[in-house]
Amino acid sequence: MTVIAVTGSTGALGGRVARLLGAQVGRLVVRDASRAPRLPEAVPEVRVASYDDREACVRALQGVDVLLMVSGAEAPDRREQHRTFIAAAAQAEVGHLVYTSFVGAAPDATFTLGRDHADAEVAIAESGLRSTILRDNFYSDFFPMFATDGVIRGPAGQGRVAAVARDDVADVAAAVLRDAADHAGQVYALSGPEAITMGEAAARMSAALGTPFSFVDETEDEAYASRRQWSTEQWQLDAWVSTYTAIRDGEAAEVSGDVERLTGHPARTLEQALGTA
Ligand SMILES: NC(=O)c1ccc[n+]([C@@H]2O[C@H](COP(=O)([O-])OP(=O)(O)OC[C@H]3O[C@@H](n4cnc5c(N)ncnc54)[C@H](OP(=O)(O)O)[C@@H]3O)[C@@H](O)[C@H]2O)c1
């Protein structure tokens with residue numbers, strides 16, 4: 001029987017994938033066993049490993065045929081953490097690795113975290129692991145979190161974003177994990193059904209959620225200044241501000257049909273992602 005392992009199951013995306021797979025999940029790889037989700041239809045094995053601990057990762061991944069690697073939390077050493085985990089997966093002879101990357105991942109991507117994802121994709125290619133890359137757009141259900149007191153501020157201008165619902169990413173991931181061999185070597189772009197401006201997103205969130213949202217188009221200098229109250233770390237500020245400049249520059253505007261092709265259902269709209277339609 002194929003052993004499917006899922007990382008990140010204490011979080012939103014990995015947790016949803018684990019629930020979708022149900023009895024098909026053989027193993028959950030978590031940082032804290034006490035927080036591993038309980039699944040109604042399954043009792044998967046739970047193994048503990050953090051991406052930065054090579055030995056623990058090798059132990060946690062031995063015997064795994066198909067692995068979902070949910071990208072790790074934002075951190076200055078995230079690239080090293082990802083590289084450690086990928087090397088461990090290769091050492092443990094994992095059969096197939098599925099990685100949640102970012103749309104337009106490239107060494108010179110405007111969105112600075114997209115550069116980290118490009119680095120992980122290179123590490124996966126160099127590892128020799130059979131793989132499938134899911135290049136997720138920004139998460140549409142996360143958009144309300146972009147706002148402070150109902151105002152989304154950032155230098156996105158009139159740029160468009162084809163944000164994707166996390167539930168759609170989970171549906172795709174579950175489909176790929178179930179039939180991994182059919183997806184070997186593929187890179188999928190996971191987007192919503194349309195590309196909208198942040199102004200349009202704010203108006204639609206207001207209508208859907210019944211609370212007012214607005215969008216203020218900051219300059220880059222204003223964007224850095226308004227975020228310094230939350231962090232003084234340059235990498236963090238760059239990541240936050242470049243979320244918006246990537247949208248402004250059209251780097252997250254691609255509407256791809258991959259969600260529908262892979263799941264058999266249309267990609268969720270913003271309202272559906274917010275649970276209001
Ligand atoms: N496309 C987008 O708009 C977007 C937005 C936000 C995040 N992301 C990326 O997408 C990923 C999944 O999103 P999500 O909503 O499911 O995030 P989430 O709810 O924060 O869950 C992240 C999961 O990854 C685990 N994790 C994080 N760092 C790890 C590490 N170094 N070693 C092992 N496990 C680690 C966490 O474990 P713990 O519970 O132990 O912390 C948690 O289970 C995020 O981790 C992030 O990389 C994308």
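Quick look at the structure, then. This one's a predicted model, so the numbers in the text were calculated from it and none came from an experiment.

1. With respect to unusual backbone geometry
Then, in step 1: A positive phi angle is found at Glu93, which is not glycine, with a value near 60 degrees.
Then, in step 2: Counting through the fold element by element, Glu93 comes out in the loop between helix 3 (78-91) and strand 5 (96-102).
Then, in step 3: Phi is positive for Asp149, close to 50 degrees, though the residue is something other than glycine.
Then, in step 4: Inspection of the secondary structure puts Asp149 in the loop between strand 6 (131-136) and strand 7 (151-154).

2. Points about the pairing of strand 4 (residues 66-69)
On any regular strand, side chains alternate: one points to one face of the sheet, the next to the other face.
Then, in step 1: Of the two faces of strand 4, the one lined by Val66 and Leu68 and the one lined by Leu67 and Met69 are each fully buried.
Then, in step 2: By the bridge criterion, 3 bridges tie strand 1 (residues 4-7) to strand 4 in an arrangement that is parallel. Residue pairing for strand 4: Ile4 is matched across the bridge by Val66.
Then, in step 3: Bridge count between strand 4 and strand 5: 4 bridges; the pairing is parallel. Bridging from a neighbouring strand, Val66 pairs with His96 of strand 5.
Then, in step 4: Running through helix 3, the crossover from strand 4 to the neighbouring parallel element strand 5 is right-handed.

3. What to know about the packing of helix 1 (residues 12-21) against helix 5 (residues 166-178)
Then, in step 1: Look at helix 1 against helix 5: their axes get within 9 Å of each other, and the N-to-C directions meet at 50 degrees. Compared by their axis directions, helix 1 and helix 5 come out oblique. When the axes of helix 1 and helix 5 are compared, the crossing they make is right-handed. Side by side, helix 1 and helix 5 meet where Ala12, Leu13, Arg16, Val17, Leu20 and Leu21 of the first sit next to Arg166, Asp167, Val169, Ala170, Asp171, Ala173, Ala174, Leu177 and Arg178 of the second.
Then, in step 2: Taken together, the residues of the contact of helix 1 with helix 5 sort by class into 10 nonpolar, no polar and 5 charged.

About the thresholds
- Residues numbered from 1 in each chain as written.
- Predicted model: local features only at pLDDT ≥ 70, side-chain atom pairs only at ≥ 80, totals over all residues.
- Heavy atoms only, no water.
- Helix = DSSP H or I, 4+ residues; strand = E, 2+ residues; numbered from the N terminus.
- Buried < 20%, exposed > 50% of the residue type's maximum accessible area, 1.4 Å probe, protein only.
- Pairing = 2+ DSSP bridges.
- Right-handed = clockwise from strand over helix to strand, strands pointing away.
- Axes fitted to C-alpha atoms, helices over the stretch in contact; angles between N-to-C directions.
- Parallel < 35°, antiparallel > 145°, perpendicular 65-115°, else oblique.
- Left-handed = near helix turned anticlockwise from the far one by under 90°.
- Contact = heavy atoms within 4.5 Å.
- Nonpolar A, V, L, I, M, F, W, Y, C, P; charged D, E, K, R; others polar.

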